[in-house]
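Residues per chain, in single letters:
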Amino acid sequence: MVQLFSRIRAALLVAGCVTALVGCAGSVAPEVKRLPERVELSGTFYRGEAYQSGPQVLASLLSQQGIVITPGLLEKPLHLPGAEDKLQQNLPSLAREYGMVVYPLDSNLPALLTQVAAGYPVMVRFSEGSAFWAEPRYAILSGYDRLKQKVLLRAGMNRRELMSFSSFESALEKSGGWAVLIQKPTQIPAAVDQQRWLKAADALAQAGQEREAAQARKALAQH
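What you see is a predicted model, and the numbers here were worked out from it, not measured in a lab.

What counts, and where the lines are drawn
- Residues numbered from 1 in each chain as written.
- Predicted model: local features only at pLDDT ≥ 70, side-chain atom pairs only at ≥ 80, totals over all residues.
- Heavy atoms only, no water.
- Helix = DSSP H or I, 4+ residues; strand = E, 2+ residues; numbered from the N terminus.
- Contact = heavy atoms within 4.5 Å.
- Salt bridge = Lys/Arg side-chain N within 4 Å of Asp/Glu carboxyl O.
- Buried < 20%, exposed > 50% of the residue type's maximum accessible area, 1.4 Å probe, protein only.
- Polar contact = N/O pair within 3.5 Å; in protein donor to acceptor, adjacent residues only side chain to side chain.

A. Region of interest: the side chain of Ser53. Examined against the element boundaries, Ser53 turns out to sit in helix 3 (residues 53-64). Not counting residues within four places of it along the chain, the set of residues in contact with Ser53 comprises Arg137 and Tyr138.

Following this line, the structure appears as structure tokens:
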């Protein structure tokens, strides 16, 4: 009888574990389930200490757009060191000076992974550290594994930092849910929000890049 109960208990534990795994797999949003199973984008990546993450990420993304640049060349125009708390405003402004459209994204996982699946790396701001001490960091979201429910970040000294979907979403939310694409005017994002793109083109024109802004509007019209 004892053996029978032990077998029943073991069977229930196994069933519980299977149910938990199925539930975990089912927690992925339907929009994510429709994406390719696994994506990893290539491209330039500049390693750097955590405090250098802003210029490091922007330089990486600009280099992928064919601009000859290094993180060190961006520190002065970003007013670093000293203006770390203003990077969220200064990074887009500087990207526009290089003729890039800065397209803001919704901070939910489906919206971000949709761009990665389309071949576009995403600049994200996330919180790194413990519950007692954490600081905002910048990284490139450049891949994901849908089945393992992990994202791939290029951040700091790590070219391939893996983070679970849930941990990434939490770290993103804690740092304000900020994520953008740094695009050439002719690169229309996946599932583009037309008004958002036009607003980004207007910001580019206001930065003195009127020719590039016109290209962005034309690209959208032809999309």
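B. Region of the structure containing the pattern of salt bridges. With the rule as written, the count across this model stands at nine salt bridges. Linking Asp106 and Arg196 is a salt bridge whose minimum nitrogen-to-oxygen distance equals 3.2 Å. On the criterion of sequence distance, the pair formed by Asp106 in the loop between strand 2 (101-104) and helix 6 (109-117) and Arg196 in helix 8 (residues 194-206) is long-range, its members being 90 residues apart. Taking relative accessible area as the criterion, Asp106 reaches 39% and is therefore assigned partly exposed. With a shortest N-O distance of 2.9 Å, Arg217 and Asp202 are connected by a salt bridge. One end of the pair, Arg217, is in helix 9 (residues 210-222); the other, Asp202, is in helix 8, and 15 residues separate them in sequence. The class for Arg217 is partly exposed, based on a relative accessible area of 33%. Through salt bridges with shared partners, a single ionic network connects Arg38, Glu40, Asp145, Arg154 and Arg160.

C. Highlighting helix 6. Counting buried positions over the nine residues of helix 6 gives seven, a clear majority of the element. Those residues of helix 6 that fall on the buried side of the exposure criterion are Leu109, Pro110, Ala111, Leu112, Leu113, Gln115 and Val116. Put simply, Asn108 is the residue that caps the front of helix 6, since its side-chain oxygen is 2.9 Å from the backbone nitrogen of Ala111. Positioned one or two residues after helix 6, Gly119 has a phi angle of 100 degrees, which is positive.

Keep in mind that these numbers describe shape and distance, not what the molecule does.
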